[in-house]
Amino acid sequence: MEELGGYRLVAPLGEGGMGRVHLGRAPSGRLVAVKAVHEHLLLEHQGSGAGRI
């Protein structure tokens, strides 16, 4: 099973212009929504000097 940011990704929930949303499980066992921002948006943001998302 895949992980992102310490959360285990359980199932995809949806996708939009900003990224994908997955059903995730926290280390505590709690179910959460995990948003993965599209890489090209992160690269654009990093180059802008605007800080961290």
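Everything here concerns the structure above.
Predicted model, so just to flag it, every value in this text is computed and none were measured.

### Describing the pattern of salt bridges
Okay, so step 1: With the rule as written, the count across this model stands at one salt bridge.
Okay, so step 2: Across the pair Glu15 and Arg20 runs a salt bridge whose closest N-O atoms are separated by 3.3 Å.

### Notes on the side chain of His38
Okay, so step 1: Its place among the elements puts His38 in the loop between β4 (31–37) and α1 (39–48).
Okay, so step 2: Assessed through its relative accessible area of 18%, His38 is described here as buried.
Okay, so step 3: Engagement of the side chain of His38 in a polar contact is seen with the backbone oxygen of Gly16, the distance being 3.1 Å.
Okay, so step 4: When residues no more than four places from it in sequence are discounted, the contact partners of His38 are Glu15, Gly16, Gly17, Met18 and Gly19.

### As for the pairing of β4
Okay, so step 1: In the sheet, strand β3 (residues 19–25) pairs with β4 via seven bridges, with the strands oriented antiparallel. By the bridge assignment, Gly19 is partnered in β4 with Val37.
Okay, so step 2: The loop that links β3 with its antiparallel partner β4 comprises five residues; one of these, Gly29, has a positive phi angle of about 100°.

About the cut-offs
- Residues numbered from 1 in each chain as written.
- Predicted model: local features only at pLDDT ≥ 70, side-chain atom pairs only at ≥ 80, totals over all residues.
- Heavy atoms only, no water.
- Salt bridge = Lys/Arg side-chain N within 4 Å of Asp/Glu carboxyl O.
- Helix = DSSP H or I, 4+ residues; strand = E, 2+ residues; numbered from the N terminus.
- Buried < 20%, exposed > 50% of the residue type's maximum accessible area, 1.4 Å probe, protein only.
- Polar contact = N/O pair within 3.5 Å; in protein donor to acceptor, adjacent residues only side chain to side chain.
- Contact = heavy atoms within 4.5 Å.
- Pairing = 2+ DSSP bridges.

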